[in-house]
Amino acid sequence: MEATFLQTLWFILVAVLFLGYFVLEGFDFGVGMNVFALGKGEEKRKNQIITTIGPVWDANEVWILVGGGALFAAFPEWYATMFSGFYLALIIILVALIVRVCAFKYRNKVESASWKFAWDICHFIGGLVPALIWGVAVGNIVRGVNMEANAGGKSVVTDSLFDLLNPFALLAGVVFVLLFWLHGTLFLALRTTGEVRHDANKLAGVIVIPTIVTAAAWVLWAQLAYSNNAWTWIPLVIAALALIGAFVLNRAGREGLAFASTSVAIGFATIMAFGAIFPNVLPAANDPALSLTVMNASSTEYTLRVMTIATVILLPIVLAYQAWAYWVFRARVTGEGFPSAHAANLARKAKEGYRVAFDTES
């Protein structure tokens, strides 16, 4: 039994959605990890760092919602089996993302150092934890998980959380953390001015070395031990060259090209990971016969056809809107002119039409 055109197409589209999520949300995670590394305890620097992703982080996060929705509609068996098997890990990601949303919304509501420090910790956790868990999840998908058939003949994951924390998956988690940290650091170098920009370039030059070493170890391990397809050597090599290019370009002070290089590295590493498992979508490590494939995990051809029509109409609109948002907020963030919580509150009340009494003591 071979995959149909629409089944293959939707496997590619799901891969593209996750690729977009890792590239765009990846630098968001990296920026969050830098609140302490580059913030250096200075409020002005922290505000400058967080503001770089203020207008775009929520749009970047939408990619995983669309990816999850596409997965549910196109490959319901894959969605159900993976989300139930990785339930605790995905709950941890969800909680970390919720905490990060709260950090964006509430950090500057109170003029208190301890209040802001607590939300800075949430920014850091909201960047580090999802990056780590996503890496572990991808590592287990590429490696395969233990499954068994339930009473209805469906494959179910039998691995516990500790089974998922195997060396291959943990290495993938480390790679994701380092790669997203590097990606976010280069984004800050591209989008900031002054000392933060200088320090971001310097930090990126340090992070890139362990990132190259660990990423090379993981992709070679994945390709040699678990890949189903020889053609995945191509995206592997491109990702490796892009990561090395980021190192060279960072040393040359080419901030835009260095950030583009890590984007290419993340993108082609994602292509390599999805290509490695095809035609499986969730390999069974203990019994290949129990593996979920694009054939046995997909929706009907009619469903896939309707989804394709909707995607052709709506996806260009979404992409155009997000491109416009990035264009509007393309200027570097200087770190100047951040209002205090009290001033921001007064401005909000004035905008809503309330009468606000200003006095010299407030």
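Since the structure is predicted, the reported quantities are computational estimates derived from the model, not experimental observations.

### Regarding the overall build of the chain
No. 1: Looking only at helices and strands, the chain has 13 helices and four strands in total.
No. 2: Whereas a compact globule of 362 residues would reach a radius of gyration of roughly 21 Å, the chain reaches 22 Å, a difference of no more than 12%.
No. 3: Each principal axis of the C-alpha distribution contributes one length, and for the chain these read about 80 × 45 × 40 Å.
No. 4: Counting over 362 residues, the chain shows a buried share of 48%.
No. 5: Summed over all atoms, the accessible surface of the chain reaches about 17300 Å², with 70% contributed by carbon and sulfur.
No. 6: Where the 23 positive side-chain charges of the chain centre and where its 22 negative ones centre are 9 Å apart.

### Quick word on a nonpolar patch on the surface
No. 1: Together, Tyr87, Leu88, Ile91, Ile92, Leu94, Val95, Ile98, Leu161, Phe162, Leu165 and Leu170 line one region of the surface with nonpolar side chains, adding up to about 1000 Å² of accessible area.
No. 2: The element best represented in the nonpolar patch is helix H5 (residues 87–106), accounting for seven residues.
No. 3: For Leu161, the position within the fold is in helix H7 (residues 161–164).
No. 4: Assessed through its relative accessible area of 30%, Leu161 is described here as partly exposed.

### What about the pattern of salt bridges?
Note that side chains of opposite charge can pair when their charged atoms are close.
No. 1: Scanning the entire structure with this criterion turns up 13 salt bridges.
No. 2: Its salt-bridge partner being Glu25, residue Arg100 comes within 2.7 Å of it at the nearest N-O pair. Note that Arg100 is positioned in helix H5 and Glu25 in helix H1 (residues 5–37), a separation of 75 residues in sequence. Here Arg100 and Glu25 have matching classes, each one buried.
No. 3: With a shortest N-O distance of 3.1 Å, Lys116 and Glu43 are connected by a salt bridge. Placement of the pair is Lys116 in helix H6 (residues 113–143) and Glu43 in helix H2 (residues 43–51), with a sequence separation of 73 residues.

### Some remarks on the packing of aromatic side chains
No. 1: Under the defined criterion, the tally for this structure stands at 29 aromatic pairs.
No. 2: Judged by centre distance (5.4 Å) and plane angle (85°), the rings of Phe22 and Phe176 are edge-to-face. Residue Phe22 is found in helix H1, and its partner Phe176 is found in helix H8 (residues 167–191); the two are separated by 154 residues along the sequence.
No. 3: A residue is classified by how much of its surface remains accessible, and Phe176, at 14% relative accessible area, is buried.
No. 4: Summarising the aromatic geometry, the rings of Phe176 and Phe180 are spaced 5.4 Å apart at their centres and angled 65° between planes, so their arrangement reads as edge-to-face. Here Phe180 and Phe176 lie together in helix H8, a separation of four residues that amounts to about one turn. Summarising the burial analysis for this pair, Phe176 and Phe180 share the class buried.
No. 5: An aromatic cluster is built from Phe11, Phe18, Tyr21, Phe22, Phe29, Phe75, Trp78, Trp134, Phe176, Phe180, Phe274 and Phe278, whose rings are joined through pairwise contacts.
No. 6: Between the NZ or CZ atom of Arg330 and the centre of the ring of Trp327, over which it lies, the distance is 3.8 Å.

### Let's talk about the packing of H6 against H8
No. 1: One way to put it is that H6 packs onto H8 with a least axis distance of 7 Å and a crossing angle of 135°. Here H6 is positioned oblique relative to H8, judged by the angle of their axes. Once H6 is placed against H8, the crossing between them reads as right-handed. Contact residues: H6 offers Leu128, Ala131, Leu132, Trp134, Gly135, Val136, Val138, Gly139, Asn140, Val142 and Arg143, while H8 offers Phe168, Ala169, Leu170, Ala172, Gly173, Val174, Phe176, Val177 and Phe180.
No. 2: In the contact of H6 with H8, the residues fall into 15 nonpolar, four polar and one charged.

### Some remarks on the nonpolar core
No. 1: Residues Phe22, Trp78, Trp134, Trp218 and Leu282 are the most contacted members of the largest nonpolar core, which totals 90 residues.
No. 2: Element by element, the count of residues in this core is highest for H1, at 16 residues.

### Some thoughts on helix H9 (residues 194–226)
No. 1: With 33 residues, H9 extends 46 Å between its outermost C-alpha atoms, agreeing within 8% with the 48 Å of an ideal straight helix rising 1.5 Å per residue.
No. 2: A bend of about 30° at Ile207 is the largest found in H9, and the proline Pro210 appears one to four places after it.

### Describing the packing of helix H10 (residues 233–251) against helix H11 (residues 255–277)
A pair of packed helices is captured by two measures, namely the crossing angle of their axes and the spacing between those axes.
No. 1: It is at 8 Å that the axes of H10 and H11 come closest, and there the two elements cross at 160°. The orientation of H10 with respect to H11, classified from their angle, is roughly antiparallel. Our pair here, H10 against H11, has a crossing hand that is left-handed. Across the interface between the two elements, Pro235, Leu236, Ile238, Ala239, Ala242, Leu243, Gly245, Ala246, Leu249 and Asn250 from H10 touch Leu257, Ala258, Ser261, Thr262, Val264, Ala265, Phe268, Ala269, Ile271 and Met272 from H11.
No. 2: Its residues assigned to classes, the contact of H10 with H11 shows 16 nonpolar, four polar and no charged.

Cut-offs used in this document
Residues numbered from 1 in each chain as written. Predicted model: local features only at pLDDT ≥ 70, side-chain atom pairs only at ≥ 80, totals over all residues. Heavy atoms only, no water. Helix = DSSP H or I, 4+ residues; strand = E, 2+ residues; numbered from the N terminus. Rg over C-alpha atoms; globule rule 2.2 N^0.38 Å. Buried < 20%, exposed > 50% of the residue type's maximum accessible area, 1.4 Å probe, protein only. Areas by Shrake-Rupley, 256 points an atom, 1.4 Å probe, with all protein chains shown as cover. Lys, Arg positive; Asp, Glu negative; His and termini not counted. Charge placed at Lys NZ, Arg CZ, Asp CG, Glu CD. Patch = residues over 30% accessible without salt bridge, like charges linked within 9 Å, V, L, I, M, F, W, Y side chains within 5 Å. Salt bridge = Lys/Arg side-chain N within 4 Å of Asp/Glu carboxyl O. Phe/Tyr/Trp six-rings, centres within 6.5 Å; stacked < 30°, edge-to-face > 60°. Lys NZ or Arg CZ within 6 Å of the ring centre and 35° of its normal. Axes fitted to C-alpha atoms, helices over the stretch in contact; angles between N-to-C directions. Parallel < 35°, antiparallel > 145°, perpendicular 65-115°, else oblique. Left-handed = near helix turned anticlockwise from the far one by under 90°. Contact = heavy atoms within 4.5 Å. Nonpolar A, V, L, I, M, F, W, Y, C, P; charged D, E, K, R; others polar. Core = buried A, V, L, I, M, F, W, Y, C linked by side-chain atoms within 4.5 Å. Expected span 1.5 Å × (residues − 1). Bend = angle between axes of the 7 residues up to and from the residue.

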